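One letter stands for each residue in the lines below.
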Amino acid sequence: MHRPVSLVTGGAGFLGSHLCDRLLAEGHFVIAMDNLLTGTVDNIAHLAGHERFRFIKHNVTEFIFLAGPVDYVFHFASPASPVDYLELPIQTLKVGSLGTLNTLGLAKAKRAKYILASTSECYGDPLQHPQREDYWGNVNPIGPRGVYDEAKRFAEAMTMAYHRVHGVDTRVVRIFNTYGPRMRLRDGRVVPAFISQALRGEPLTVFGDGKQTRSFCYVSDLIDGIYRLSQCDFHEPVNIGNPTEFTILEFAHLVRELTGSRSEIVFKPLPQDDPKQRRPDITRARTLLGWEPKVDLPTGIRLTIEYFRQKLQTTGT
Ligand code: UDP
């Protein structure tokens with residue numbers, strides 16, 4: 001039996017490491033590539049010594065050389081938290097542009113399938129709700145989030161160009177807010193922020209009035225959707241996310257309840273260009289992949305709380 005060889009860029013990151021686990025479970029040889037800018041080897045430590053797993057520390061904005069066959073390239077490398085885009089704006093732009101170019105070049109040379117991790121940020125602060133894949137978005141190109149949004153929009157354009165011009169077998173997954181174990185405690189995104197604040201007994205920092213909405217997908221559901229997409233023949237973007245929508249204030253109350261915390265809720269200024277609403281229309285994923293999320297928010301948040309509780313006990317930070 002031929003075992004597929006998969007390259008996962010960002011393989012030591014939150015989503016990349018879960019994807020490595022899934023691909024190994026499906027029988028693939030997996031090469032995780034990461035420059036450890038926001039990823040950490042802790043996320044893949046359990047795979048050390050696995051006979052079908054290899055880790056390469058490399059920055060994918062530089063030429064990628066890999067000997068031997070590659071069947072799948074999953075391009076998942078990128079800072080992904082708004083706090084990180086502010087701190088790493090140029091790296092974020094480079095990995096979405098040069099990193100996408102290099103990984104597409106590799107996929108072309110190896111005749112590999114190519115799966116681009118894109119994002120709901122392509123829709124910006126959306127004027128259409130819920131967001132369908134044919135919506136072109138409402139993005140501020142020069143705002144602080146533009147470095148991520150525009151890099152990913154460029155990455156989508158480049159991926160479609162390689163598909164159309166060079167016939168590369170590409171997929172584009174637009175990932176909506178996802179959470180779960182292996183997110184960093186100080187990642188800055190709302191799920192780790194609220195859970196770690198609640199566990200430390202610190203105030204939960206709601207930005208703005210908390211009426212902005214998000215729809216949170218548990219990581220195992222997301223990875224399942226991505227794996228299914230990699231196995232089907234479709235080249236247009238596909239939203240993968242959970243369509244159940246909450247306000248951020250509702251979410252803060254849920255975290256307080258599920259952690260049993262008595263932390264107060266405080267209000268802080270809303271970051272610039274923070275989308276007011278976000279919810280995926282997942283009709284395409286449902287029909288194409290027979291996929292929909294299975295893990296509801298309280299269940300997923302309990303699992304995530306458990307992970308963060310242990311992290312706090314062992315690292316104390
Ligand atoms: N948010 C918040 N408090 C925090 C972190 C985030 O109220 O400590 C809000 C943020 O303003 C946004 C939502 O939570 O409206 C989701 O933010 P996140 O950084 O997780 O990602 P985004 O969906 O904006 O990319």
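Residues numbered from 1 in each chain as written. Predicted model: local features only at pLDDT ≥ 70, side-chain atom pairs only at ≥ 80, totals over all residues. Heavy atoms only, no water.

A.B. asks: If you had to explain the pairing of strand β2 (residues 29–34) to someone new, which residues and values would you point to?
C.D. replies: Most of β2 is tucked away: five of the six residues are buried. As judged from the five bridges shared by strand β1 (residues 5–9) and β2, these two strands associate in the parallel manner. Bridge pairing links S6 to V30 in β2. Since β1 and β2 lie parallel, the crossover through helix α1 (residues 14–25) that links them has a hand, and here it is right-handed. Of the strand pairs in this sheet, β2 and strand β3 (residues 53–57) are connected by five bridges, and their pairing is parallel. Counted as the bridge partner of A32 is F55 from β3. (Buried < 20%, exposed > 50% of the residue type's maximum accessible area, 1.4 Å probe, protein only. Helix = DSSP H or I, 4+ residues; strand = E, 2+ residues; numbered from the N terminus. Pairing = 2+ DSSP bridges. Right-handed = clockwise from strand over helix to strand, strands pointing away.)

A.B. asks: Could you give an account of the site of the ligand, naming the residues involved and the relevant values?
C.D. replies: Around the ligand, the surrounding shell holds 18 residues, and the nearest of these are V190, T205, F207, R214 and D274. Backbone polar atom of F207 to an oxygen atom of the ligand: 2.7 Å apart, as the coordinates give it. Of all elements in the fold, only α5 (190–200) and β8 (204–207) reach the threshold of two or more residues within the shell around the ligand. A class-by-class count of the residues in the shell around the ligand yields eight nonpolar, four polar and six charged. (Near = heavy atom within 4 Å. Polar contact = N/O pair within 3.5 Å; in protein donor to acceptor, adjacent residues only side chain to side chain. Nonpolar A, V, L, I, M, F, W, Y, C, P; charged D, E, K, R; others polar.)

A.B. asks: Describe the packing of α5 against helix α9 (residues 297–315), listing the residues and the values that go with them.
C.D. replies: Running from amino to carboxyl end, α5 crosses α9 at an angle of 60°, the nearest separation of the two axes being 10 Å. Taken together, the axis directions place α5 and α9 in an arrangement best described as oblique. You can see that α5 and α9 cross each other, and the crossing is right-handed. Touching V191, P192, I195, L199 and R200 of α5 are I301, T304, I305, F308, R309 and L312, all from α9. Taken together, the residues of the contact of α5 with α9 break down into eight nonpolar, one polar and two charged. (Axes fitted to C-alpha atoms, helices over the stretch in contact; angles between N-to-C directions. Parallel < 35°, antiparallel > 145°, perpendicular 65-115°, else oblique. Left-handed = near helix turned anticlockwise from the far one by under 90°. Contact = heavy atoms within 4.5 Å.)

A.B. asks: I'd like to hear about the side chain of N242, residue by residue, with values.
C.D. replies: Counting through the fold element by element, N242 comes out in the loop between β11 (237–240) and β12 (245–247). In terms of polar contacts, N242 uses its side chain to reach the backbone amide nitrogen of T244, at 2.9 Å. In contact with N242, not counting residues within four places along its chain, are S215, F216, C217, P280, P293 and V295.

From the geometry alone we can't say anything about function, so treat these as descriptive.
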